[in-house]
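# Residue-level structural notes
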Amino acid sequence: MTDGVRRYLQYLVVERGLADNTVQSYQRDLRRYAEFLGTRGKQELTDVTVPDVAEFRAALRAGDDEHPPLAVSSVGRAVVAVRGLHAFALREGLAVQDPARDVAPPAPARRLPKAISIDAVERILDAAGSTADSDPKILRDRALLEFLYGTGARISEAAGLDVDELRHLAKDPAVLLTGKGGKQRYVPVGSYAVKALDAYLVRGRPALAARAGRKAAPAVFLNARGGRLTRQGAWGILREAAIRCGQPGVSPHTLRHSFATHLLDGGADIRVVQELLGHASVTTTQVYTLVTVDKLREVYAAAHPRAFG
């Protein structure tokens, strides 16, 4: 079991090119899976049966003395990891059957993405600070939030950008983002984000980089010591700006959801939004249309003379 898991994780890194965070999550899920099988006397992949996999899925939802019950989304990720392991084992000749093939992840409840209004976004951006400020951290914070909302980028995509990837912005206001699974896409960068980035790169970033000297990271967004800003650090910047303007609970994904919703509200084609977000399937993007349908109903109810009898 241990050797099979190790080889599978190595395959995910080398062949599939999955992000470190995803691989680490799979590693935790599979470690718990191996522990569960161990309590049932199963030490080899060839010993595992369909009921073993199904009962592991049920155990994740139920929890136990050492583990709280997992949310449907977390159970789904764990089942995907287990299914991937057994499919890999069969393909590599480590097992003669795939006991996980018919054990599907639990269906998640359909939830609408959380989006905020354009006015709310602007209040958060203003709370981050002004592009006319002289404080390098304020210039960074405004540039980061303008970039996240202006491109719909994931927080990891923004944190992973290097300066060389933005040197062309003045002539070509677009950026190449590397998303999940190493998939790349070009996304336009709006004039507000370009202005904020220019102010930061000219007047803010050099001051932050100087604090690390030759050890300064090549990243666009730097922390106070001149190293690459982490995902957690970027999250904190947004959280503090949101709290300052009275909007607690806003996350980087809130800006991404708002980016998509506002585009659709403005008449953008859903397949264009799909490309901008980097979704592999338009089905993933279609959940945003539910938000706009609710808005249409609201406007209709308020404006049509015969909406109500």
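As shown above, the structure is provided for reference.
What comes next is a walk through the structure. Counting starts from 1 at the beginning of each chain's written sequence and moves along it residue by residue. For a predicted model such as this one, the threshold for reporting local features is a pLDDT of at least 70, and the threshold for listing and counting side-chain atom pairs is 80 or more; totals across whole chains, interfaces and linings nevertheless cover every residue. The side-chain numbers reported here are obtained from all heavy atoms of the structure, hydrogens and water having been left aside.

### What to know about the overall build of the chain
Counted only if it meets this: The helix count covers DSSP runs of H or I at least four residues long, the strand count covers runs of E at least two residues long, and both are numbered beginning at the N terminus. For this analysis, residues touch if any pair of their heavy atoms sits within 4.5 Å. Areas reported here follow the Shrake-Rupley algorithm with a probe of radius 1.4 Å; residue values treat only the protein chains shown as occluding.
Within the chain, the secondary structure is distributed over 12 helices and two strands. With respect to the three principal axes, the spread of C-alpha positions in the chain is 70 × 65 × 40 Å. In the chain, the proportion of contacts linking residues at least 24 apart, taken out of those at least 6 apart, comes to 57%. Of the roughly 16,900 Å² of accessible surface on the chain, a fraction of 52% belongs to carbon and sulfur atoms.

### What about the nonpolar core?
For clarity, the threshold we go by: Residues belong to a common nonpolar core when they are buried Ala, Val, Leu, Ile, Met, Phe, Trp, Tyr or Cys residues joined through side-chain atoms within 4.5 Å. To sort residues, take the accessible area from a 1.4 Å probe on protein chains only and compare it with the maximum for the residue type: under 20% means buried, over 50% means exposed, and anything in between is partly exposed.
By size, the foremost hydrophobic cluster in this structure holds 52 residues, and its most contacted members are Leu144, Leu145, Phe147, Leu197 and Phe221. If you tally residues by element for this core, the top one is helix H8 (residues 191-210), at eight residues. Ignoring any residue separated from it by four or fewer positions in sequence, one finds Leu197 in contact with Ala143, Phe147, Leu166, Leu169, Val189, Val220 and Phe221. Tyr8, Phe36, Leu45 and Ala81 belong to the second-largest nonpolar core, a separate cluster that totals 28 residues.

### A few points about the packing of aromatic side chains
This is how it is decided: Between rings of Phe, Tyr and Trp, where Trp is taken as its six-membered ring, a pair exists when centres lie within 6.5 Å; planes separated by under 30 degrees are stacked, by over 60 edge-to-face, and by other angles tilted. We call a charge positioned above a ring when the Lys NZ or Arg CZ atom is no farther than 6 Å from the ring centre and deviates by at most 35 degrees from the ring normal.
Inspection of every chain in the model, using the stated rule, returns seven aromatic pairs. Taken together, a centroid distance of 6.3 Å and an interplanar angle of 25° make the contact between Tyr8 and Tyr11 stacked. Of this pair, Tyr8 and Tyr11 both sit in helix H1 (residues 2-14), three residues apart, which is roughly one turn of that helix. Ring centres of Phe147 and Phe221 lie 6.3 Å apart, and the angle between their planes is 55°; on these two criteria the pair is classed as tilted. Of this pair, Phe147 sits in helix H6 (residues 136-151) while Phe221 sits in the loop between H8 and helix H9 (231-244); the two residues are 74 residues apart in sequence, bridging distant segments of the chain. Accessibility assignment for this pair places Phe147 and Phe221 in one class, buried. Taken together through their ring pairs, the aromatic side chains of Tyr8, Tyr11 and Phe88 make up a single cluster. The ring of Tyr11 carries the charged tip of Arg91 above its face, separated from the ring centre by 5.5 Å.

### As for H6
What counts, and what does not: Expected span of a helix, by definition, is 1.5 Å for each gap between consecutive residues, and there is one gap fewer than residues.
Along its 16 residues, H6 runs 22 Å from first to last C-alpha, staying within 8% of the 22 Å computed at 1.5 Å per residue. Within H6, 13 of the 16 residues are buried, which leaves the element mostly enclosed by the surrounding structure. Phi turns positive one or two residues past the end of H6, at Gly152, with a value near 70°.

On their own, these measurements won't tell you what the molecule is for.
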